[in-house]
Amino acid sequence: MQLNTIRPAEGEKTDRKRVGRGIGSGFGKTCGRGHKGQKARSGGFSKVGFEGGQMPLQRRLPKVGFSSRVSIITSQVTLSEINKLDETEITIDVLKQHNLVTKNIQRVKVMLSGEITRAVTLTGIKATKGAKVAIEAAKGSVNE
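I will try to describe carefully the structure that is included in this document. Quick caveat: nothing in here was measured; it's all calculated off a predicted structure. (Residues numbered from 1 in each chain as written. Predicted model: local features only at pLDDT ≥ 70, side-chain atom pairs only at ≥ 80, totals over all residues. Heavy atoms only, no water.)

1. Description of the overall build of the protein
In step 1: Of regular secondary structure, the protein possesses 4 helices and 6 strands.
In step 2: Ordering the α and β elements of the protein from the N terminus gives α-β-α-β-α-β-β-β-α-β.
In step 3: Whereas a compact globule of 144 residues would reach a radius of gyration of roughly 15 Å, the protein reaches 35 Å, over 25% beyond that.
In step 4: Buried positions account for 18% of the 144 residues belonging to the protein.
In step 5: Pairs at least 24 apart in sequence give 42% of the contacts found in the protein among residues at least 6 apart.
In step 6: Only carbon and sulfur atoms are counted for the fraction: they give 51% of the accessible area of the protein, which is about 11800 Å².
In step 7: Averaging the coordinates of the 26 positive side-chain charges in the protein and doing the same for the 12 negative ones gives two points 21 Å apart. (Helix = DSSP H or I, 4+ residues; strand = E, 2+ residues; numbered from the N terminus. Rg over C-alpha atoms; globule rule 2.2 N^0.38 Å. Buried < 20%, exposed > 50% of the residue type's maximum accessible area, 1.4 Å probe, protein only. Contact = heavy atoms within 4.5 Å. Areas by Shrake-Rupley, 256 points an atom, 1.4 Å probe, with all protein chains shown as cover. Lys, Arg positive; Asp, Glu negative; His and termini not counted. Charge placed at Lys NZ, Arg CZ, Asp CG, Glu CD.)

In structure tokens form, the structure reads like this:
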């Protein structure tokens, strides 16, 4: 086999449609557009998705997606961030004072990331299962 003998598979490549080249071509006169009508005319094609005035499919279907309003007032804190604080009694107000959460936050959850080496009491703050185990292992407690 040599480069000059390589050919595409049989039927892989087809000749392009040459319209308007007489009766014998099969695409003479109307050039495969049929007779009259909007699609037969030059420049006569409706926009994508247009269904002749009927409400189009993309407008009939509901919009997808949702953004929870609760996420605006919810935040999360890691164990390593709590470990850096001096307080033993930790509330949402303490986290706001130390700029760990913003002022509009009303719900906080502690995630298991890093480690905690001292006893702390979480009041009004939720914790994941792993974080709860780690806090209780350091002789702390979680009061949700």
